[in-house]
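# Geometric and topological summary
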Amino acid sequence: MKRSLTGLQPTNFLHIGNYIGAVQPAVALQSDTQLLMMIVDYHAITMPQDPKELRKNILSAAATYLGCGIDPAKTILFQQSRIAEHMELAWILQCVAKMGEAERMTQYKDKAKKAEGAKGAEGASVGLFTYPILMAADILLYDTEIVPVGEDQKQHVELARDLAIRFNRDFGETFVVPEPKIRAEGARIMALDDGTKKMSKSAPSAKSYIALTDDADTIRKKIMSAVTDSGTEIRTDRNRPAITNLLTIFSVATGRSIESIELAYVGKGYGDFKKDLAEAVVEYLGPIRGRILNFAADETELKRILAEGAEKAKGMAAFKMNKVRQRVGVTL
Ligand code: AMP
Ligand code: TRP
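Residues numbered from 1 in each chain as written. Chains lettered and ligands numbered in written order. Predicted model: local features only at pLDDT ≥ 70, side-chain atom pairs only at ≥ 80, totals over all residues. Heavy atoms only, no water.

## Side note on the site of ligand 1
Near ligand 1, the surroundings consist of 17 residues, among which Asn 18, Gly 150, Asp 152, Ala 187 and Ile 189 are the closest. At 2.3 Å, a side-chain N or O of Asp 152 approaches an oxygen atom of ligand 1. The side chain of Lys 201 places a nitrogen or oxygen atom 3.5 Å from an oxygen atom of ligand 1. A total of 480 Å² of accessible area belongs to ligand 1 in isolation, and the protein chains cover 92% of it. (Near = heavy atom within 4 Å. Polar contact = N/O pair within 3.5 Å; in protein donor to acceptor, adjacent residues only side chain to side chain. Areas by Shrake-Rupley, 256 points an atom, 1.4 Å probe, with all protein chains shown as cover.)

In structure tokens, the structure reads:
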């Protein structure tokens, strides 16, 4: 069986963009690949975190993935920080990666600008800079072939590929070269209040996203107040990002093609369209929300599942690191 792996940061909740872009594709991979699903808590601390909140968020991330359909009988669901080999391999890969390569990462440039207010990159943590290399270690440690992610992570997976190829060249065949898997539609869901910005949990307004734990009325309100572009036609168009985004969400939520939805709304207004979209999203997310809340209520069970996942991941990671240490020349 092929191996796939993905990671998400445990930062209070997931939104419909995370679900469509990353979680749903991962859930789909459970049937024909061995999936490893990671809660990347050590990635989360590249930005300041309140320890109490972080602990809560790790458990709620576990509940969220389980609620979204991650099946612990098939998938290894685990917490990154439990497996020290991630950090060990990250160090070795930091010695393989070049400064220029790390400096080119666009997410680092964006996040560094926002870090510590006016201080910009000067005030960003060193971890924020080396984070893509820790992500490469996450991926390469498990001989991962497929990495389901949203569009914004593509550059990081490409870095992991480059580092694998370079290490294999310099030290002998060691790592599998991974491939990013990015869905054709929905890899970049945009904010509801601004069709030109990515939907993000760090957005200042809660109206910009739909959280997986939003109840039906909240979802309806948020969709009814979503911005639309000028013009009245319900049609995708590069110059009309807001309606294009709503059509994408409609299509993913219902499994209908965008063309068939466009056709159904010829001559109808935004009001009708949004009402139907709201119901489609309520139907799409409702069952997930219920399951997330159920899992979240049983902390003991969540911890048991994570401990079991960590044990499985640990064995795989330890095996690989033995080989890597030999290749590097530190094993006597
Ligand atoms: P983040 O929320 O940045 O921790 O991202 C977690 C995962 O969700 C990554 O695979 C992202 O690529 C994906 N993701 C985040 N935001 C979006 C979005 N607006 N649309 C689609 N995928 C997203
Ligand atoms: N960097 C990813 C994000 O913020 C999360 C991540 C960490 C990841 N390690 C990974 C994703 C390995 C895929 C594979 O979204």
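## Things to note about a positive patch on the surface
A contiguous patch of positive charge on the surface is contributed by Arg 104, Lys 109, Lys 113 and Lys 114. By the element assignment, Lys 113 lies in helix H6 (residues 106-114). The exposure class of Lys 113 is exposed, given its relative accessible area of 61%. (Patch = residues over 30% accessible without salt bridge, like charges linked within 9 Å, V, L, I, M, F, W, Y side chains within 5 Å. Salt bridge = Lys/Arg side-chain N within 4 Å of Asp/Glu carboxyl O. Lys, Arg positive; Asp, Glu negative; His and termini not counted. Charge placed at Lys NZ, Arg CZ, Asp CG, Glu CD. Helix = DSSP H or I, 4+ residues; strand = E, 2+ residues; numbered from the N terminus. Buried < 20%, exposed > 50% of the residue type's maximum accessible area, 1.4 Å probe, protein only.)

## Side note on empty space enclosed by the protein
Evaluated as defined, the whole model comprises three cavities of 30 Å³ or more. If you add up the space inside the largest cavity, you get close to 60 Å³. What lines the largest cavity is simply Gln 9, Pro 10, Thr 11, Asn 12, Phe 13, Leu 14, Asn 57, Ser 60, Ala 61, Thr 64 and Lys 201. Its residues placed into classes, the lining of the largest cavity shows four nonpolar, six polar and one charged. (1 Å grid on protein atoms, 1.4 Å probe; cavity = no way out; pocket = protein on both sides within 12 Å on 5 of 7 lines; lining within 4 Å. Points joined across faces, edges and corners; volume = space filled by probe spheres on them. Nonpolar A, V, L, I, M, F, W, Y, C, P; charged D, E, K, R; others polar.)

## Brief notes about the side chain of Thr 75
Looking at the element boundaries, Thr 75 is found in the loop between helix H3 (51-67) and strand S3 (76-79). For Thr 75, the side chain forms a polar contact with the side chain of Gln 30, separated by 2.7 Å. The residues touching Thr 75, leaving out its near neighbours within four places in the chain, are Gln 30, Gln 34, Leu 35, Met 37 and Ile 70. (Contact = heavy atoms within 4.5 Å.)

## A few points about the layout of surface pockets
If you add up the space inside the second largest pocket, you get close to 210 Å³. Take the lining of the second largest pocket: its biggest share by element is four residues, from helix H10 (residues 241-254). Within the lining of the second largest pocket, the residues separate by chemical class into four nonpolar, four polar and four charged.

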